[in-house]
Amino acid sequence: MTGRFAFRFMKGSLTQKLKQMASPVANPRHYCSSSSSSSAKPKLSQSSRKERLLAGAAIGVVGGAYASTLDKETFSGWLFTATKALNPMFALLDPEVAHRLAISAAARGWVPREQRPDQQILGLEVWGRRFSNPIGLAAGFDKNAEAVEGLLGLGFGFVEVGSVTPIPQEGNPKPRMFRLRNEGALINRCGFNGEGIVAVAERLDTQNGKRKPEKTSTSSNDEVKHGQGILGVNIGKNKTSEDAAADYVQGVHALSQYADYLVINVSSPNTPGLRKLQGRNQLKDLVQKVKAARDEMEWGKVGPPPLLVKIAPDLSKQDLEDIAVVALDLHLDGLIISNTTISRPEAVESNPVSEEGGGLSGKPLFNLSNDILKDMYILTKGKIPLVGCGGVSSGEDAYKKIRAGATLVQLYTAFAYGGPALIPQIKAELAGCLERDGFKSMYDAIGADCR
Ligand SMILES: Cc1cc2nc3c(=O)[nH]c(=O)nc-3n(C[C@H](O)[C@H](O)[C@H](O)COP(=O)(O)O)c2cc1C
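Structural notes, computed from the coordinates. (Residues numbered from 1 in each chain as written. Predicted model: local features only at pLDDT ≥ 70, side-chain atom pairs only at ≥ 80, totals over all residues. Heavy atoms only, no water.)

The terminal C-alpha atoms of helix 10 (residues 244-255) lie 17 Å apart, and with 12 residues this matches the ideal 16 Å at 1.5 Å per residue to within 8%. What helix 10 keeps buried is the set Ala244, Ala245, Asp247, Tyr248, Val249, Gly251, Val252 and Leu255. (Helix = DSSP H or I, 4+ residues; strand = E, 2+ residues; numbered from the N terminus. Expected span 1.5 Å × (residues − 1). Buried < 20%, exposed > 50% of the residue type's maximum accessible area, 1.4 Å probe, protein only.)

Time to look at the pairing of strand 5 (residues 177-180). Consecutive side chains along a regular strand alternate between the two faces of the sheet. With four bridges joining them, strand 5 and strand 6 (residues 185-188) adopt antiparallel strand pairing. Its bridge partner being in strand 6, arginine 179 is matched across the sheet by leucine 186. Connecting the antiparallel pair strand 5 and strand 6 is a turn made up of four residues, with glycine 184 showing a positive phi of about 65°. (Pairing = 2+ DSSP bridges.)

Look at helix 14 (residues 366-379) against helix 15 (residues 395-403): their axes get within 9 Å of each other, and the N-to-C directions meet at 25°. By the angle between their axes, helix 14 is roughly parallel relative to helix 15. Together, Phe366, Ser369, Asn370 and Leu373 of helix 14 and Asp397, Lys400 and Lys401 of helix 15 make up the contact between the two elements. For the contact of helix 14 with helix 15, the per-class residue count stands at two nonpolar, two polar and three charged. (Axes fitted to C-alpha atoms, helices over the stretch in contact; angles between N-to-C directions. Parallel < 35°, antiparallel > 145°, perpendicular 65-115°, else oblique. Contact = heavy atoms within 4.5 Å. Nonpolar A, V, L, I, M, F, W, Y, C, P; charged D, E, K, R; others polar.)

Note that leucine 434 resides in helix 17 (residues 422-436). Here the alpha-carbon distance between leucine 434 and aspartate 444, two residues 10 residues apart in the chain, equals 9.2 Å. The contact partners of leucine 434, leaving out residues within four places of it in the chain, are Ile121, Leu122, Tyr399, Phe439, Ser441, Met442 and Ala445.

Taken in spatial order, the eight strands close into a barrel running 3-4-7-8-9-10-12-13, and their pairing is parallel. The mean angle between the axes of side-by-side strands here comes to 25°, regardless of whether they run parallel or antiparallel. Those strands touched by helix 10 are strand 4 (158-164), strand 7 (230-235) and strand 8 (261-265), and its axis lies near 150° from that of strand 7. Across the face of the sheet, helix 11 (residues 280-295) comes into contact with strand 8 and strand 9 (307-311) while running at roughly 150° to strand 9.

If you look at the biggest cluster of nonpolar residues, it comprises 109 residues, and the most contacted ones within it are Tyr248, Ile311 and Leu335. In terms of residues, this core owes the most to one element, helix 17, which gives seven residues. In this structure tyrosine 248 touches Ile235, Gly236, Lys237, Ile264, Asn265, Val266, Leu274, Leu277, Leu286 and Val290, once residues within four positions along its chain are discounted. If you look at the next biggest cluster of nonpolar residues, it comprises six residues, including Ala185, Ile187, Val348 and Leu360. (Core = buried A, V, L, I, M, F, W, Y, C linked by side-chain atoms within 4.5 Å.)

This part takes up the pattern of salt bridges. Counting across every chain of the model gives 18 salt bridges. The closest approach of N and O atoms between aspartate 118 and lysine 427, which form a salt bridge, is 2.7 Å. One end of the pair, aspartate 118, is in the loop between helix 7 (95-108) and strand 1 (124-126); the other, lysine 427, is in helix 17, and 309 residues separate them in sequence. Judged by relative accessible area, which is 23%, aspartate 118 ranks as partly exposed. (Salt bridge = Lys/Arg side-chain N within 4 Å of Asp/Glu carboxyl O.)

We now examine the site of the ligand. As a structural note, the neighbourhood of the ligand is formed by 25 residues, with Ala139, Ser163, Lys310, Gly391 and Thr413 the closest of them. Between an oxygen atom of the ligand and a main-chain N or O atom of tyrosine 412, the distance comes to 2.9 Å. In the complex, the protein chains occlude 98% of the 610 Å² of accessible area that the ligand would expose alone. When atom positions are compared with the pocket grids, the ligand is found to occupy the largest cavity. Contributions of two or more residues to the shell around the ligand are made by strand 4, strand 6 and strand 11 (359-362). In the shell around the ligand, the residues fall into nine nonpolar, 14 polar and two charged. (Near = heavy atom within 4 Å. Polar contact = N/O pair within 3.5 Å; in protein donor to acceptor, adjacent residues only side chain to side chain. Areas by Shrake-Rupley, 256 points an atom, 1.4 Å probe, with all protein chains shown as cover. 1 Å grid on protein atoms, 1.4 Å probe; cavity = no way out; pocket = protein on both sides within 12 Å on 5 of 7 lines; lining within 4 Å. Sits in = over half its atoms within 2 Å of the grid points.)

Strands pair in a sheet through their backbones, by hydrogen bonds, and they do so in one of two ways: parallel or antiparallel. Strand order across the open sheet formed by three strands is 5-6-11, with antiparallel pairing between neighbours. Looking along the sheet, the strands with just one partner apiece sit at the ends: strand 5 and strand 11. The sheet shows a mean angle of 25° between the axes of neighbouring strands, direction not considered.

Glancing now at helix 15. An α-helix turns once every 3.6 residues. As a result, residues three or four positions apart point the same way. With eight of its nine residues buried, helix 15 lies for the most part within the structure. For helix 15, the complete set of buried residues consists of Gly395, Glu396, Asp397, Ala398, Tyr399, Lys401, Ile402 and Arg403. At the C-terminal side of helix 15, glycine 405 shows a positive phi close to 125°.

Taken as a whole and assessed by the stated rule, the structure comprises two cavities of 30 Å³ or more. Quantified by volume, the largest cavity comes out at close to 450 Å³. Listing elements by their share of the lining of the largest cavity, those giving two or more residues are strand 4, strand 6, strand 11 and helix 16 (413-418). Within the lining of the largest cavity, the residues separate by chemical class into 13 nonpolar, 18 polar and two charged. In this structure, the second largest cavity spans a volume of roughly 30 Å³. Every residue along the wall of the second largest cavity is listed here: Lys143, Asn144, Ser163, Val164, Thr165, Phe192, Asn193, Gly194, Glu195, Gly196 and Val200. (Points joined across faces, edges and corners; volume = space filled by probe spheres on them.)

Okay, here's the thing in structure tokens:
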């Protein structure tokens, strides 16, 4: 009897402890109370870092067996927290090897699956599609659509695969991905390494065939046409191709039937000449051709996937005005703002790695991409959904993007550093920020800083 009581007592207090750990943010408001979430977090001493690491490892073995007896939501939260113990190991690996490992793990389902429902305040509808939260994984992480279900299962509101080129290509010679750890940044010059549209289409067909929209207009099941989570497909061009538009058209023909939305990527800095496609006439011509290719395909009542263009953060005011005119004139469905920058902001200047060629992503990109996001929101008068991307590493960052005009938010670099545990944390912080400032829904906060 006493034994049983003792066991219950231990179970109760351990459950409480695990619940606290699993909760991404004990008090989300705390994270939102300063203007810079990242700087607000207390710095850990070297010894307390070590203690945490050891505790994480120990919990992985001892607590793991115990936690499997808990309810699935608590267990899911515990697993997310436990993945933090793996971050130091990933940090020791070459960035591209670490990335490969992460994709393989997600493809095999060896990653936590989010069982806790998203907070209602985070939900929104865009392009007639329901997003349970506005936080998405940016293009470039799963270039070949190998791990869509695993990545969506982490709790992202949407995942964007690609960029996919018509023909498979190796990309630039390695090394081509570099960490600027202290700055929370990466430099990459991958150059659209990928398996090409045929391999990706086959994979999406077998892995995610259920995403295929109904093609018959008699379908009465339009509501349930897609699987769980939203899939974006980002299209690029081959390095040696002379007819860029023909490449994008091929991408659309091969992949749009699997996409909840399509992205024309004209902003990677690592494909020679690509960014020139952002010029007013070039962009107009390209969007017209891609739209025509998409619209001549057979679509059911559901209609074709929305078409977005992803732009660079290194554009002049005139460039932005031109893009806004094209976007409004041609009724583009959205803009993703932004890709990586070829500039080297002051924050990275003292790091010798900043001399590597390629696009810079992560924290030092935040202000630059946010400024053009705001400009574009004003130029397009809030008429076009914008996806804010660049340097998001906290819920406060995501919130700032939304206030600057983003309807949806994406991240890559912070996820590469922070791993799965970052996703529930960002969502909880974002919900806390919205509530703190009295917003009843996501819609109310979009563009709040531009009004
Ligand atoms: C290693 C790496 C590869 C990328 N590959 C692509 C790509 O293929 N297509 C694309 O549109 N963006 C690509 N990006 C850009 C990201 O999608 C994102 O726009 C950029 O990294 C800024 O977001 P972040 O600061 O959260 O990383 C890549 C970024 C990184 C770091």
